[in-house]
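# A closer look at the structure
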Amino acid sequence: MFNKFIITLSIFTSTLFAVDFDFFTDYEKALTKSQTDQKIVMLMISSNECPMCNYMKNTVFEAESVVNYIEANYHLVEMQIEEKRYPEQFKAFATPTFYFIDPKTEKKIGRQFIGGAKPSEFLAKLKEIKKKRK
């Protein structure tokens, strides 16, 4: 009985403290929202079958430091490569491919980022992109 209680309690607390992160799925809506609050649009072109895409979503985008930084400075749009509904000016030959877009000019900031990274490395990349925007 006590073991069941401990297991239930640990499951509850792990879900209670899990980071909840929302992705936009519509580029135009993210761009409009970013123009209002002056956040950078981060476009992630991914695939459900892509192991690195899943790593980014399930590990990197669950790291509290990454989530907090993204929520403060970016709007993240995830679009599937198979659907090809992302804007024509963005190309993806591998997944994940990340583009960082200035909402004022609608132009990309720096080069696209292809592949994945550890949370600390990705956070450093996000900070680098933000500095380039200024």
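Please refer to the structure higher up on the page.
To start, this report covers the structure provided alongside it. (Residues numbered from 1 in each chain as written. Predicted model: local features only at pLDDT ≥ 70, side-chain atom pairs only at ≥ 80, totals over all residues. Heavy atoms only, no water.)

### Some remarks on the overall build of the protein chain
Quick reminder of the rule: By the criteria applied, helices consist of DSSP H or I runs no shorter than four residues and strands consist of E runs no shorter than two, each listed in order from the N terminus. Buried residues are those whose accessible area, probed at 1.4 Å on protein chains only, stays under 20% of the maximum for their type, while exposed residues exceed 50% and partly exposed ones sit between those limits. The contact criterion used is simple: two residues touch if any of their non-hydrogen atoms lie within 4.5 Å. Values of accessible area rely on a 1.4 Å probe in the Shrake-Rupley scheme; residue burial ignores everything except the protein chains shown.
What the protein chain contains, in helices and strands, is five helices and four strands. Reading the helices (α) and strands (β) of the protein chain from amino to carboxyl end gives α-α-β-α-α-β-β-β-α. Of all 134 residues assigned to the protein chain, the portion counted as buried reaches 41%. For the protein chain, restricting intrachain contacts to residue pairs at least 6 apart in sequence, the fraction spanning at least 24 positions comes to 73%. Here the protein chain has roughly 8,300 Å² of accessible surface; of this, 56% comes from carbon and sulfur atoms.

### Things to note about the sheet that holds strand β2 (residues 74–80)
Put simply, the rule is: When DSSP finds at least two bridges between two strands, those strands are taken to pair. As a rule, the C-alpha atoms of each element are fitted with a line to give its axis, helices using only the stretch in contact, and angles between N-to-C directions run from 0 to 180 degrees.
An order of β2-β1-β3-β4 is seen for the four strands of this open sheet, with the pairing classed as mixed. A single partner strand is all that each edge strand has here, and the edge strands are β2 and β4 (113–114). Pairing analysis gives seven bridges linking strand β1 (residues 40–46) to β2, with the strands arranged parallel. Each bridged residue has a counterpart across the sheet, and for valine 41 the counterpart in β2 is histidine 75. On the sheet, helix α2 (residues 27–37) packs against β1, β2 and β3 (97–101) and is oriented at approximately 175 degrees with respect to β2.

### Observations regarding the packing of helix α4 (residues 64–73) against helix α5 (residues 119–133)
The test is simple: Note on terminology: angles under 35 degrees are roughly parallel, angles over 145 are roughly antiparallel, angles of 65 to 115 are roughly perpendicular, and the others are oblique. By the definition used in this description, the sense in which the near helix is turned from the far one sets the handedness, with an anticlockwise turn below a right angle giving left-handed and a clockwise turn giving right-handed. Each residue gets one of three labels, nonpolar for Ala, Val, Leu, Ile, Met, Phe, Trp, Tyr, Cys and Pro, charged for Asp, Glu, Lys and Arg, and polar for the others, Gly among them.
Across the interface, α4 lies against α5 with an axial gap of 9 Å and an inter-helix angle of 20 degrees. Taken together, the axes of α4 and α5 are roughly parallel relative to one another. Considering only the axes of α4 and α5, their crossing is left-handed. Residues Ser65, Val66, Tyr69, Ile70 and Asn73 of α4 pack against Pro119, Phe122, Leu123, Leu126, Lys127 and Lys130 of α5. For the contact of α4 with α5, the class distribution of residues is seven nonpolar, two polar and two charged.

### Considerations on unusual backbone geometry
Residues apart from glycine generally show negative phi values, whereas peptide bonds are mostly found in trans. Of note, the amide linkage connecting threonine 95 to proline 96 takes the cis form, showing an omega dihedral of -10 degrees. In this structure, proline 96 sits in the loop between β2 and β3. Its identity is not glycine, yet lysine 84 carries a phi of approximately 50 degrees, on the positive side. With respect to the element layout, lysine 84 can be found in the loop between β2 and β3. Residue classification places lysine 84 among the exposed residues on the basis of a relative accessible area of 65%. Not every positive phi belongs to a glycine, and glutamate 106 is a case in point at roughly 60 degrees.

Function cannot be read off these values alone, since they describe shape.
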